[in-house]
Structures are given as C-alpha cells and as structure tokens.
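# Remarks on the overall topology
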Amino acid sequence: MADADNHPNATQNPVPGDNILGLPVGVDADDAMRIAMRRDRLLAALTLTAGVGLAVALPFALKAGAEFFLPLTTALVIAVALVPVLEWLERRRVPSALAALICLFVFLLLANIAIAAIVVPATDFFRLLPTRLDRIQNNLAPLLDLYSSLEAYVNRTLRQIASTPIRQPRTAAVAAPGSILELAATSAPAVIVQVLFGILIVFFFLSGWTRMRQRTITGRTSFDGAMATARVIQDVVDDVSAYLGTITIINATLGLVTGTALWAIGMPYPAMWGGIVALLNYIPYFGPVIGAFLLALGGLMTFSDIWMALLPPAIMYGLHLIEANAITPFVVGHRLTISPLLILVSLSFWGWVWGTLGALLAVPLLIIIQTVLGAAGKPDIAGFLFEHGTLVHQQRGRRGQRGGGEG
C-alpha cells in the first residue's frame with residue numbers, strides 16, 4: 001500500500017485515459033476552461049435566439065388570441081388586486097369559497113355602479129350631439145374661419161406650383177350598423193361570454209388561492225427556493241394591490257373634485273364627467289388628454305361662449321397636474337415609482353395589442369413583470385454580446401487588484 005501511495009502515477013491517472021480532473025489525456029485545465037466557456041456561450045446563444053423569437057412572436061399571438069388572452073389577463077390582474085381582501089376574510093375564519101364570492105360580489109357591485117353612473121348619463125348627453133352642432137360651430141367659428149383662410153391659401157399655392165389639380169383620395173364607404181339593436185346583436189354575445197369567462201376566472205383563482213400558493217411553495221426542492229418563491233408571490237400581490245388600491249382612491253378623489261367643480265360652473269351631468277375623468281386617469285399621459293378633449297366637446301355643446309366652453313377642460317387638466325405632480329408622488333412614494341420610459345413603452349405595446357383595455361392594464365402588468373424579473377434576475381444581453389463571459393470580470397478584478405497594489 002505504501003508503494004502504491006508513493007507511486008507518481010497512482011494519483012495522476014486513477015482511470016485509464018483520464019487525469020485527476022476528469023479531463024481527457026492531453027487536455028490541460030486552461031483548454032478545458034476555454035471549451036467549457038465555448039459550450040456555455042453556445043447554449044447562451046441558442047437561448048438568446050429562442051428568447052428573441054418568442055419575444056417577436058408573442059405580441060402577434062396575444063393580439064390574434066385577444067378573445068381569450070384579454071379577459072384572462074384582466075381577470076388575473078383583478079384577482080391579484082383582490083387577494084388582500086380575500087386573506088383578510090380568511091383570517092376571520094371565512095371559508096375560501098365564501099370569501100372569494102364576497103370579494104367578487106363587492107367588486108361587481110362597485111363596477112356596475114361606476115359603469116351605470118358613466119354610461120347612462122353619457123348616452124343621454126351625447127344623444128343631444130346632433131342638435132348641438134350649431135352651437136359648436138358658432139363657438140368654433142373664429143377657429144374655423146382661420147382654418148378656412150389657411151386652407152384656401154395652401155390650395156392656391158399648390159395650384160400655382162402643381163400642373164395638375166390635386167385629386168382627393170378616395171375613401172371606402174363602411175356601412176354602419178342600422179340600429180343599436182343591430183350593433184348589440186353582432187357584438188354583445190362575444191362580450192357577454194368574455195365577461196362570464198373573466199368572472200369565473202376571478203372566482204376560481206380566489207377560491208383556490210391559498211391552496212395554490214401553499215402547493216407552489218411546498219413543491220420546491222430546497223428551503224431557499226421555497227422562500228424565494230414565497231417572496232416573489234407576496235411581492236407581486238403587495239405591489240399590484242398597493243398600486244391599484246392607491247391609484248383607485250386617488251382617481252376617485254380626482255373625479256369627485258372635478259365633478260364638484262363642474263357642478264359649480266353649471267356643467268350638466270357632473271357625476272358622469274367625474275367618472276370619465278377618474279376612469280381615464282388610469283391611463284398615464286394619454287388618459288387625461290382624452291378626458292380634456294371630451295370635456296372640451298361637452299363644454300362646446302353646453303355653453304355659448306367659447307371661453308366658458310373651454311373652462312371645463314382647463315379645470316380638469318389643472319386638477320390633473322396637481323394630482324400627477326404633487327399628490328400621487330407623495331402618496332405612492334418611491335416603492336412603486338416606475339420609469340416614465342417603461343410606462344410609455346408598456347402603454348404603446350399593450351395599447352397596440354389590446355386597445356383601450358390593454359392601456360388600462362399596462363401599468364399593473366409592468367409592475368408584475370418588474371417584480372418577477374427583479375427576483376428571478378434579468379438576462380445580461382449586453383454582457384453576452386459585448387463581453388467574453390466570466391473571464392472578463394476575473395480580469396477586471398485582477399486589474400483592480402494590481403491597480404490598488406500600485407497605488
């Protein structure tokens with residue numbers, strides 16, 4: 001045994017053809033490191049290519065399958081926002097199914113009250129639009145005269161430059177529905193199915209939330225994995241519910257104050273306008289602009305003086321600026337602060353995929369994605385493209401150490 005222990009080949013080649021590191025004969029550690037790095041880089045390249053392909057194809061799949069993905073995503077966001085209420089009820093020994101039913105009933109009640117407060121008056125108000133066109137034209141007469149003069153000047157200039165007259169592009173006539181009943185007959189069934197589908201998703205998600213979370217956490221193979229999973233789930237619930245709850249209170253207050261101010265100046269249907277302002281304020285940047293445009297249209301329909309007609313959108317936008325620049329940053333704080341660039345990208349993306357509802361879901365979905373990526377880690381695409389793996393970090397560390405020694 002002593003001779004075997006002292007023999008040099010006894011430790012160097014325990015297995016024929018392999019050395020102590022398990023490497024083939026003739027391959028040293030540096031070559032093995034380079035081979036391993038090339039293999040890892042190839043796998044990373046394949047993963048990156050598959051990820052890019054998925055990212056390119058996913059928006060078109062979501063847009064094409066909007067009838068399924070839109071109510072599903074909306075229901076999941078609403079359900080996540082209702083989880084704190086569900087857990088509050090469960091802590092008071094309310095059964096999960098009954099707690100989920102209570103949450104769903106309260107949400108549907110509030111949603112129906114809000115929709116009724118907006119839709120019913122809006123139908124009556126905008127039904128008067130054809131009869132108020134003369135008043136709108138009289139209010140806009142100075143602007144229309146200026147536009148007509150400018151258009152005449154432009155047309156005269158173009159006739160002098162061009163040798164042929166300008167041809168107006170032909171527009172295809174689209175047949176509008178003959179009645180509201182016809183419109184409802186063509187669109188209502190699909191909407192009803194999607195709403196019922198979303199309601200069922202919310203109920204079953206909430207009723208099985210506690211068991212699903214427990215199975216997700218206990219299904220991890222390690223304690224660290226279970227704790228990380230629990231932390232991500234709790235962060236998603238806390239962030240989404242905190243954002244939607246806080247923004248809902250702020251928007252409702254803004255709508256109430258706006259409606260009161262419009263009532264004070266004699267604007268009809270102030271509750272309707274307050275509800276419209278509160279709803280559109282869920283869409284950052286673009287929602288208040290649309291609200292101001294609608295209020296300007298309503299003011300032109302109501303008042304005979306142009307300056308009085310422009311007072312409602314001025315009041316609304318002034319209150320929005322106070323809310324957006326002073327109240328919301330103070331109430332929300334830095335925990336839920338999101339980059340304006342990311343908000344614009346998210347609004348553009350989800351608005352393109354799912355329209356107005358997609359724009360309403362843009363910020364909650366952005367919060368969910370940011371929370372999950374913050375816990376799981378973000379892919380270092382720039383490092384993969386412009387660096388050479390972990391050796392660069394090791395070389396930087398050595399350079400830093402040499403620089404520190406020389407200093």
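Description of the structure in this document. On a predicted model such as this, the values are computed, not experimentally measured, just so you know.

Here the focus is the overall build of the chain. Looking only at helices and strands, the chain has 17 helices and zero strands in total. Burial analysis of the chain (407 residues in total) assigns 28% to the buried set. A separation threshold of at least 6 residues defines the contact pool for the chain, and within that pool the share at least 24 residues apart is 71%. Of the roughly 26600 Å² of accessible surface on the chain, a fraction of 69% belongs to carbon and sulfur atoms.

On to unusual backbone geometry. For Arg93, which is not a glycine, the phi torsion comes out positive at approximately 65°. Inspection of the secondary structure assignment puts Arg93 in the loop between helix H4 (66–91) and helix H5 (96–127). The exposed category is assigned to Arg93, whose relative accessible area is 78%.

Its place among the elements puts Val332 in helix H14 (residues 311–332). In this structure, the C-alpha to C-alpha distance between Val332 and Ile247, residues 85 residues apart in sequence, is 8.3 Å. Setting aside residues up to four positions removed in sequence, Val332 forms contacts with Thr246 and Ile247.

Below, the discussion takes up a nonpolar patch on the surface. A cluster of nonpolar side chains, namely Leu98, Leu101, Ile102, Phe105, Val106, Leu109, Leu110 and Ile113, defines an oily patch on the protein surface of about 740 Å² accessible area. On the secondary structure map, Leu101 appears in helix H5. Exposure remark for Leu101: the relative accessible area of 46% places this residue in the partly exposed category.

Further remarks concern the nonpolar core. The biggest cluster of nonpolar side chains holds 42 residues, and the ones touching the most others in it are Leu86, Val202, Phe205, Leu206, Trp209 and Trp354. Listed by contribution, the elements that provide at least two residues to this core are H4, H5, helix H8 (180–207), helix H10 (223–264) and helix H15 (340–376). Among the elements that make up this core, the one with the highest residue count is H15 (twelve residues). For Leu206, the contacting residues outside a window of four places in its chain are Ala79, Leu82, Val83, Leu86, Ala100 and Cys103. With 19 residues, the next largest nonpolar core counts Ile118, Ala122, Phe125 and Ala309 among its residues.

What follows covers the pattern of salt bridges. Going through the model one piece at a time under the given rule, you end up with one salt bridge. With a shortest N-O distance of 3.0 Å, Glu87 and Arg213 are connected by a salt bridge. A residue pair is termed long-range when its members are at least 10 positions apart, and Glu87 in helix H4 and Arg213 in helix H9 (residues 209–218) qualify at 126 residues. For Glu87, a relative accessible area of 15% gives the class buried. For Arg213, a relative accessible area of 22% gives the class partly exposed.

Moving on to H10. Taking 1.5 Å as the rise per residue, H10 with 42 residues should run 62 Å; its terminal C-alpha atoms sit 61 Å apart, in good agreement. Of the residues trailing H10, Gly266 is marked for its positive phi of about 90°.

We now examine H4. Here H4 spans 37 Å end to end across 26 residues, near enough to the 38 Å set by a 1.5 Å rise per residue. Where H4 bends most, the angle comes to about 40°, and this point is Leu82, followed within four residues by the proline Pro84. Looking one or two residues past H4, Arg93 carries a phi angle of roughly 65°, positive in sign.

About the thresholds
- Residues numbered from 1 in each chain as written.
- Predicted model: local features only at pLDDT ≥ 70, side-chain atom pairs only at ≥ 80, totals over all residues.
- Heavy atoms only, no water.
- Helix = DSSP H or I, 4+ residues; strand = E, 2+ residues; numbered from the N terminus.
- Buried < 20%, exposed > 50% of the residue type's maximum accessible area, 1.4 Å probe, protein only.
- Contact = heavy atoms within 4.5 Å.
- Areas by Shrake-Rupley, 256 points an atom, 1.4 Å probe, with all protein chains shown as cover.
- Patch = residues over 30% accessible without salt bridge, like charges linked within 9 Å, V, L, I, M, F, W, Y side chains within 5 Å.
- Salt bridge = Lys/Arg side-chain N within 4 Å of Asp/Glu carboxyl O.
- Core = buried A, V, L, I, M, F, W, Y, C linked by side-chain atoms within 4.5 Å.
- Expected span 1.5 Å × (residues − 1).
- Bend = angle between axes of the 7 residues up to and from the residue.

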